[in-house]
Structure formats: C-alpha cells, structure tokens
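# Coordinates in review
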2 protein chains.
Amino acid sequence: MGKNLTKRSEDYSKWYNELVVKADLAENSAVRGCMVIKPYGYAIWEKMQAELDRMFKETGHQNAYFPLFVPKSLFEAEEKNAEGFAKECAVVTHYRLKTDPEDSSKLIVDPNAKLEEELIVRPTSEAIIWNTYKGWIQSYRDLPLLINQWANVVRWEMRTRLFLRTAEFLWQEGHTAHATKQEALDEAELMNNVYATFAENFLAIPVIKGIKTESERFAGADETFCIEALMQDGKALQAGTSHFLGQNFAKAFDVKFTTNQGKQDHVWATSWGVSTRLMGALIMTHSDDQGLVLPPNLAPFQVVIVPIYKGEEQLAAISQVANEIVDDLKLRGISVKYDNRDTHKPGWKFNEYELKGVPLRIGIGPKDLEKRTVELARRDTLTKEFVSKEDVVDKVAHLLKEIQENLFEKAKNYRDTHITEVNSFDEFKDVLENKGGFISAHWDGTAATEDEIKKLTKATIRCIPMDSKEEAGTCVYTGAMSKQRVLFAKAY
Amino acid sequence: MGKNLTKRSEDYSKWYNELVVKADLAENSAVRGCMVIKPYGYAIWEKMQAELDRMFKETGHQNAYFPLFVPKSLFEAEEKNAEGFAKECAVVTHYRLKTDPEDSSKLIVDPNAKLEEELIVRPTSEAIIWNTYKGWIQSYRDLPLLINQWANVVRWEMRTRLFLRTAEFLWQEGHTAHATKQEALDEAELMNNVYATFAENFLAIPVIKGIKTESERFAGADETFCIEALMQDGKALQAGTSHFLGQNFAKAFDVKFTTNQGKQDHVWATSWGVSTRLMGALIMTHSDDQGLVLPPNLAPFQVVIVPIYKGEEQLAAISQVANEIVDDLKLRGISVKYDNRDTHKPGWKFNEYELKGVPLRIGIGPKDLEKRTVELARRDTLTKEFVSKEDVVDKVAHLLKEIQENLFEKAKNYRDTHITEVNSFDEFKDVLENKGGFISAHWDGTAATEDEIKKLTKATIRCIPMDSKEEAGTCVYTGAMSKQRVLFAKAY
C-alpha cells in the first residue's frame, strides 16, 4: 500500500512539498505565496503556541495586540529596519472598492478613496510598537516592559515554500523595553534560551545557540542571538532569533525615561520571534519516506486506535475494549483518537496515520479479543509488538516518553556527526558538497570574506556558537588571523 | 481619591471612552481607526478566546488558518457579499517600497511593483474559504466540514470607537459546509446558542436570541441568527451573529458534492462570528462610575491582595500571611495577585484595582495580624467586611460565585424591565426617548416600514426573538396586519 510519496533520497525538496500536502498540514492558496494551514497542521501549531505562551508568561511576559498596519512615516523612522524590509512590503493605498462602470458584476478600486498616507502591512512590528511605547514609558518605574504579540505578518518573498517561506506567516513577536543595556542583553539571551529549550524538549530538535555575524543580523539590531537546527538533507535552518536592539528604536521614536537618579535616558530594547516556519523544521527533522513523524509532545493525538473487524458484532466487541483503553489513556492525560469509521478499511487507516505521523497506533482484531492483547505500533521505528490489554496504558505512557527521547537523540546524533571541522578551503568545499551539515571553520571576521564565501559556495555563517572556545587559527579563505571557529552551512 | 472618570449620568459615551483607556484596556493607535489592545484588556480577550475555543471544539469544530488577503476576482464572486463589504475594503495594490529619489531618508511606493490583481484585506473570509473548500469537498463523506478561524479582519469604518467599531478587529469566524439545508440551519442555530450560553455564563450578559430581518441580514446570508444585549444606557448591542448562507457561496464558487445517492448537489453553508466587540459589551453592561466591573469568570485575576504597612518589618509579617492565602487560593484554582510594590501607597492601589474591576480585594494591615483577620472588599457592591484568616479561602470561593451570579441577575433585571410593549407609534417614540431599551412592537413585515421607522427614530429592528409567540396585531407604524411582535431599539 503506497503513499506515492517521493523518496527523500530521490528528491528531498519534492518529498517535503508532497508530505506537507498529503499529511493535510497546509496547501497553497489562491493568493500568491500565502498558504492555507489545514486543521491537522494548525492543531500542531496550536500545541506549539500553547507551550511557548506558557514559557513566555512564566518569564514575566504579557500578551497585547498592535495594529496590522504601519503608516509609512512610522515605518521609515528607524532607517536600517526600514531599508531591510522595504523591498518586501505589501502596501495598502486605497480603502474602498466600487462597481466597475463597464461591468456591473465587477468591482474596481475607487480612485477617490486613496489614502493620504500609505499603510504598510506589518512585516514586523518594531515601528508601530515603539511609537506606542513612547506613550507608555516615562519613568524607570514603567520598566521593564515585557510584551509579546501573537500575530500574522507579511513579507513579499519572491520564492515561497509552504511553512518555510511564505508571504504571510503566523508568529509571535516579543518586544521589551529596559532601563539598562545589560538588562536588555540578558533578556535577548534569555529568550533565545527559552527558544532552545522549547525546540529541544517539544520539537525534539537539537539546536545550536549562537550569535549572528553583522551581515546576518536583523535590520535594526545591534546583536542577534539565534538557534540553528540541521535538517536531514544537511541544510541548516534558523529556527528562532532574539535581537538586542540597543537604543536604535528608542532614538528613532524618541522614547526616553527618567532614571532612578532623575536623569533622562533612551530606553534599551529587545525583540524576538519564532514563526510557523517551525512547522517546516519539525517536518524536515523527523519525517521519513512513509510520511510525517511527530514527537509525542506536539502530536494533536498521540495514540490512534484502529479496529480490525468483519461485521457489526465484532465491531461492537472490539469497541468495548477500545473505549475502555480510550478512557484509561485520557485519565493519564494521553490524547487518543478511536477511529471506528466504517467508510474506510483498516489498511487505509494504518496508512493514513503513518502518513500523519501519529506516534503510536493500537490495532485490535478478533484474535486480540480472544487473547486479551492489542497490537502496538511505533511510528518512529515502525516496529510492532503485542501487549496484553492490562499493560497497554503503562506501555503507551512509557513508549511516548521513549519516542520523544528517541527522536531527539536520533536528530542529535545526525547533527553531531554533521559538524565538521575543516582547515582549508578545499576541504570546506568538499565537505559542503559531499557531506553537508555544519562546517566549523576559522574566519577572518570580515563581511567581505563572508560574502565571498557565500558567492562561491552558497554557504553562509549560521552563527558564532555561544559555547565556542577561543582557538588561534587562520581564516579558511583568506588565511588571515582568527580567534575562533564559526559555523557555516547552506541554509533554508 | 478620585479617578477623574466622567459619570455615566453626565456623558455615557465619554465615560466609556475614558474607562477603556484608564483601566488599561485599549487605546487608539497611530493608524486611523485601529486600536492597541493593552495587556490587561488582552488578558480578558484571551479568557474569552479560551472558553469559546473549548466550546467550539466540544461541538466538533477544528481550527485552521486562511490567508489575510483575498484576490479581487474571488472577492467579487458572491455578489451580495461583495456589494455589502465593497465600501469598506482596505486594498493592497503594491508589494514594494523604494528610496525616495528626492529624499534618501524617505521611502515611496515603487510604481514598478504594482500587483496585477489587487488584494483585499479580508473584511470576512467566506470568499477565500469557499474557494478553498472547492478543493476539499467532493463527496458526502467529506461533510460536514466544521472549521473555525481566529483572525484579524479589516473593515474601513468611518466612525470608530475602541472595541465597539474599529477598522481592524480580532474575531473568530466559523465556516461550515453541510450536505443538507436542515443540517446547515441546525448548525447556524446551534452556534447562536453556543454564543448565548457563553455570553450568559461567562460575560454575565443576558441576551435575546433571535433572527434578523432581511434588511439587517449579513450580506450573502439567507438567514442571520443573532444574540442581542442591552447596555446600561438603554441601547442595544449585537453581541454575536450566526448565518445560514444557503447555497449562495457554494454556487458562487461551484462547490458541489456527490450525495450518498450518487447525485451532484451544491453544498449548504453557515458562518458565525464574535469579535473584540464583546469587550465593549462586557464593559458597558457591568461597569460603574468607579470604573470597570469584571465577572469573576473572565477577570485576569479574581483577587488582589494589598498590604497596608509601615516599614519592612510589618511588610514581612503581612507578606507571610498574604503568601499563605495566595497559596491556598491557587490550590482552589482561584487566580490572585499579591501587590507588594513599595512604589505605590495602599490607597493608590485600592483605587487602581477598583478602576480595573478586580472582583475581590483583600486588605491586610497590622491590626488584622493581631486579630487574625483580613478585610474583604467586593467590587460589584463596593461593600467590605472583615473575615477571619481561616475562613478567607472559603469565603472568597463563595463570593466569586455570588458576584458572577449577581452581575448576571442585575443585568437581567435591568434588561427585563427595559423591554416595553407598545401599541402606538406615539408610545413607541415616547418610550424610545424617555426610557430606552427594547421596544416590543407589531411590524407589518416590510423593509419599507422598517426603513421609515429607522429614519424617523434611529431605532432598528434588533431581532425577531426565537421565543416570540404568534399574536395578532397591527403594525405600530402603518396599522397593517401583523402576526408577531419584534424588538426595536437604538443600537451600537
């Protein structure tokens, strides 16, 4: 029974695109570059949201909501930020349609309803938020201001891919204001750590925490912290960023406060975000040629029960056992779906839930009833075993933990064996072409070299790892002096 | 200690606007008609969301996400819907900015980046969703399709007011597809009932369930169910609507399915939504001249504890008691904030939490320590009593229930005494001017009469109540025959 899914080894990119659609996660819409997130995909995103939201609140943040639109004059206030996003802005210029005088079934933009000032659909919200903070911050007593927003943003990308790069995407953006530089730096690093913890414990994706080089920094930031993950095809994926914005936005929007010594100072800022792009990272880290593989901590349902029966009588007997298991699993806080639809055959269902990455599948047939057993199948290893009905709940609870850990360990093992130290540019190119993954190499610290390497190899500096040691060396490209290795990779 | 809040009796509208801002719920933004929802206001909205989301899922719905933009050609496909929203559409016409050649610090819209087809920022999502459903629905096995979306929408309103009418607002929109007319009608009524239950049990707002007249229907609907509430100034507020869309969108987007008899038929549809407008209803139903009054079921924190102390030693002793109470309340699932900030005096805090509508306030001073008591103050009645420390948790749990019920009963009593039956147009005008509220009157069933009454009095037909009895009578305006009374009111 085939899923007609392209194999990863044949065409990784095609495999990804097919998987996203066939597993009912998302699809392209009638709007160029914008996706529809389907219920199953959205249920995973909701689980991510719930966990992140909990972590943000535990670290003292509150949610708020700011406008979708940014007036052009505010948008351009912080020059670097504006410059960074100007080329991908959707712009609202009119506020009314009218009937087409040439065809009354059509509408046209009403030329008399042109806005005096154009509105930018937010590509990120620093501008509108800092313009608002100006009214909220007067004194050190108003600080720190620790706010997060769940929102949609629009960046008019030319090449889009479901979840990984879409014109509209969903994300959260934290925007905080602080009295001192150190406090803002600490906050930026703290939130990067929160992202790392979330990625590892929930997505089961091992990440490298680091800082970006100047060329890869967020437009308007003084420092960008990031978490970098490695996909199965050896390409890196930036999974989250946290920016120390210095006083750039406070100066652009004139946000000053009275210090506890009675002086006036500009406020220090951070911003940080993760997006529906995490869905892409999740899919590409764990899934296989059979379809999606979900970590139990994020699966919309962790267990599916499929009855194997002929006739209503058998179904009734199986359903009785199945419903007992459902109740027991729910009591243990395990989410479970009993699929007793008679419109589809068991084989079809097995296939479907494999494709959708449900961590554990329980099959119950007439022989199981006799023996008081069930068949338990793991999605991650594709192994099956018979378990006595009495033990099934304990076994499931145990296996869910094991699967979560196994997925992380497997991904970590792959990632760890794909960080390669190289000491020459030939070696660099060789590893990049033939092995992939992260390349740990010395770099002379200049944007020119970084740019040259990118042009020659398409590899970029993903980050300077937080835990990188000082080590004297020479730049892999120019031979100039270097004090530490950085991580290069081709990236999504 | 004054809050400088305008009294309701002086200027209800001004009172509302001031309250929203002073209680830190929301404020106007730099974007015309768009609001910033502040953390305290957003926390209330989050509680509404959580409860509604739970109710939607319990009734079998799943969340998904559809694009922010609707291509103009899709938008105009369902003519009545398009016509209804055309005059208030924000339109994206360009996708790039560039540096102003005349001033390099400014940006201008790049004329070379004009979209071939304009994109409408969704005022509602029927068009983009039904265009998507076309690909999802082939057979009766794909039905019903029960989907909800949490999203922002934009309607370019000319006169805006915080929460009540804003250019951008947050809402949920359910969009369902069904095999039969009856099933769709049942779904539309079911969701209207869900809204009513939510309004009464959580917002503590009594509502009248009814159907709209043809003139007041959603553009593109065959029937609109609604819940109507009454504000303290005697004006009605439409708190939620649920639409039976017939086959209008299925026909506009050619969404057909194979029935279980093998025939082809167009799908039947519903859509239903509530928005951040509910925040306005909540505020206007319960609040008083002292500020916001929140029902315990929606309060971001239900209890606040304020220490009354001189010096650190007293604070430490009070804090010990306070923290014990905090722990005990949390164990009972009661949300509580202990405000031990030394930057503000107790009187300031009392004032602040009164303004913010916290249902219960506990004050603890040195005398309370001696007597092992606390002072417990109710926000709804503004009454205080001393309670022994041992009894405080039980008392709080009891009072929270009582406050929730009291707010509902108070609002229901006001509403019930403000439904007035009238039998002449003079009486109609007299009640409308001097008493306000709902006017129950006979109407001849014509849009012309409805329109005439609206022009003369500003009152509209809010709904034909679901429970209205047949009763022979004559139209209050034309004297023509009528079979039942309908509810008129001036409305927000």
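Residues numbered from 1 in each chain as written. Chains lettered and ligands numbered in written order. Predicted model: local features only at pLDDT ≥ 70, side-chain atom pairs only at ≥ 80, totals over all residues.

## Observations concerning the overall build of chain A
Quick note on the threshold: Only DSSP runs of H or I reaching four residues or more are called helices, and only runs of E reaching two or more are called strands; each is numbered from the N terminus. Working definition of burial: number of other C-beta atoms within 10 Å of the residue's own, with buried at 20 or more, exposed at 12 or fewer, and partly exposed in between, all C-beta atoms being placed from the backbone. What counts as a contact is two residues whose backbone-derived C-beta atoms lie within 7 Å of each other.
Helix and strand content of chain A: 14 helices and 27 strands. Within chain A, the fraction of its 492 residues that count as buried is 48%. Here the analysis covers contacts within chain A between residues at least 6 apart in sequence; of these, 68% occur between residues at least 24 apart.

## What to know about the packing of helix 2 (residues 39-58) of chain A against helix 6 (residues 181-203) of chain A
Residue and element names in this part refer to chain A. Worth spelling out the cut-off: Comment: axis = line fitted to C-alpha atoms, over the contacting stretch for helices; angle = value between 0 and 180 degrees taken between N-to-C directions. In this scheme the handedness of a crossing depends on how the near helix is turned from the far one: anticlockwise by less than a right angle means left-handed, clockwise means right-handed. In the scheme used here, Gly and all other residues not listed as nonpolar or charged are polar, with Ala, Val, Leu, Ile, Met, Phe, Trp, Tyr, Cys and Pro taken as nonpolar and Asp, Glu, Lys and Arg as charged.
Running from amino to carboxyl end, helix 2 crosses helix 6 at an angle of 145°, the nearest separation of the two axes being 11 Å. By crossing handedness, the relation of helix 2 to helix 6 is classed as right-handed. Contact residues: Glu51, Leu52 and Met55 in helix 2; Val194, Phe198 and Phe202 in helix 6. Broken down by class, the residue content of the contact of helix 2 with helix 6 amounts to five nonpolar, no polar and one charged.

## Examining the relation of the copies chain A and chain B
Which entries qualify depends on this criterion: Alignment of copies: least-squares fit on C-alpha atoms of residues with pLDDT of at least 70 in both copies.
When chain A is brought onto chain B, the operation consists of a screw motion whose angular component is 180° and whose axial shift is 0.0 Å, with 0.0 Å RMSD remaining. This pairing of chains is accounted for by a two-fold axis. It is Val92(A) whose C-alpha, among those of chain A, lies nearest the rotation axis, at 2.1 Å. A symmetric contact is evident, with 100% of the interface residues of chain A recurring at the interface of chain B.

## As for the environment of Val293(B)
Along the chain, Val293(B) turns up in the loop between helix 8 (277-286) and strand 17 (303-307). Excluding anything up to four places from it in sequence, Val293(B) contacts His286(B), Ser287(B), Asp288(B), Gly357(B), Arg379(B), Asp380(B) and Leu407(B).

## Section: the interface of chain A and chain B
The line we're drawing: Strand pairing is defined by DSSP finding a minimum of two bridges between the two strands.
Taken together, the contact between chain A and chain B spans 55 residues of the former and 55 residues of the latter. Of the residues that constitute the side of chain A that touches chain B, the class distribution is 33 nonpolar, 10 polar and 12 charged. Note that strand 5 (residues 91-94) of chain A and strand 5 (residues 91-94) of chain B share three bridges and pair antiparallel. Among the inter-strand pairings, Val91(A) is bridged to a residue of strand 5 of chain B, identified as His94(B).

## Side note on the pairing of strand 5 of chain B
With three bridges connecting them, strand 5 of chain B and strand 8 (residues 114-121) of chain B associate as antiparallel partners. Among the inter-strand pairings, Val92(B) is bridged to a residue of strand 8 of chain B, identified as Leu119(B).

## Concerning helix 1 (residues 12-22) of chain B
Quick reminder of the rule: Directions are taken from the helix axis to each C-beta atom, and the arc is the one they span.
Residues of helix 1 of chain B that are buried include every one of Trp15(B), Tyr16(B), Leu19(B) and Val20(B), and no others. For helix 1 of chain B, the angular spread of buried residues about the axis comes to 125°, placing them on one side.

## Quick notes on the sheet that holds strand 21 (residues 384-388) of chain A
All names here are of chain A. Read from one edge of the open sheet, five strands run 18-17-19-20-21, paired in mixed fashion. Sheet topology places strand 18 (336-338) and strand 21 at the edges, where each strand pairs with a single neighbour. Looking at each pair of strands side by side, their axes are set apart by 25° on average, direction ignored. Examined bridge by bridge, strand 17 (residues 303-307) and strand 19 (residues 360-364) share five bridges and lie parallel to one another. Residue Val303 lies in a different strand from strand 19, and its bridge partner there is Leu360. Sitting on the sheet, helix 10 (residues 346-355) touches strand 17 and strand 19, and the angle it makes with strand 17 is about 170°. Where helix 12 (residues 392-416) meets the sheet, its contacts fall on strand 17, strand 19, strand 20 (373-378) and strand 21, and the angle it forms with strand 20 comes to roughly 5°.

## A word on the domain arrangement of chain A
Here is the rule: In this entry, domain limits derive from an automatic or database-based domain assignment.
When cut into domains, chain A gives domain 1 (12-90 + 125-286), domain 2 (301-399) and domain 3 (419-489). Centre-to-centre, using C-alpha coordinates, domain 2 of chain A lies 50 Å away from domain 3 of chain A.

## Some words on helix 10 of chain A
Think of an α-helix as 3.6 residues a turn; residues three or four steps apart then line up on the same face. Residue and element names in this part refer to chain A. For helix 10, every residue scored as buried is listed here: Lys349, Tyr353 and Glu354. Projected down its long axis, helix 10 carries its buried residues within an arc of 135°, all on one side. Where helix 10 is buried, its residues touch strand 17 and strand 19. Immediately downstream of helix 10, the backbone of Gly357 shows phi near 75°, a positive value.

## Topic: unusual backbone geometry
Backbone torsion omega between Leu143(A) and Pro144(A) reads -5°, so that peptide bond is classified as cis. Mapped onto the secondary structure, Pro144(A) falls in the loop between helix 5 (126-136) and strand 9 (145-154). Despite not being glycine, Asp24(A) has its phi angle at roughly 65°, a positive value. Relative to the helices and strands, Asp24(A) is located in the loop between helix 1 (12-22) and strand 1 (26-28). In this structure, Asp254(B) is a non-glycine residue whose phi angle is positive, near 55°. Tracing the backbone shows Asp254(B) in the loop between helix 7 (248-252) and strand 14 (256-258). A residue is classified by how many C-beta atoms lie within 10 Å of it, and Asp254(B), with 11 of them, is exposed.

## What to know about the sheet that holds strand 18 (residues 336-338) of chain B
Across a sheet, strands are paired by hydrogen bonds formed along the backbone, either parallel or antiparallel in direction. Residues and elements named next belong to chain B. As summarised here, the arrangement of the five strands in space is 18-17-19-20-21, forming an open sheet in which the pairing is mixed. Edge positions in the sheet fall to strand 18 and strand 21 (384-388), since each has one partner strand and no second. Along the sheet, successive strands turn relative to each other by an average axial angle of 25°, direction set aside. Where helix 9 (residues 311-331) meets the sheet, its contacts fall on strand 17, strand 18 and strand 19 (360-364), and the angle it forms with strand 17 comes to roughly 170°.

## Digging into the pairing of strand 9 (residues 145-154) of chain B
Residue and element names in this part refer to chain B. A large share of strand 9 lies buried, amounting to seven of its 10 residues. As paired elements, strand 3 (residues 62-63) and strand 9 share two bridges and run parallel to each other. By the bridge assignment, Asn63 is partnered in strand 9 with Asn148.

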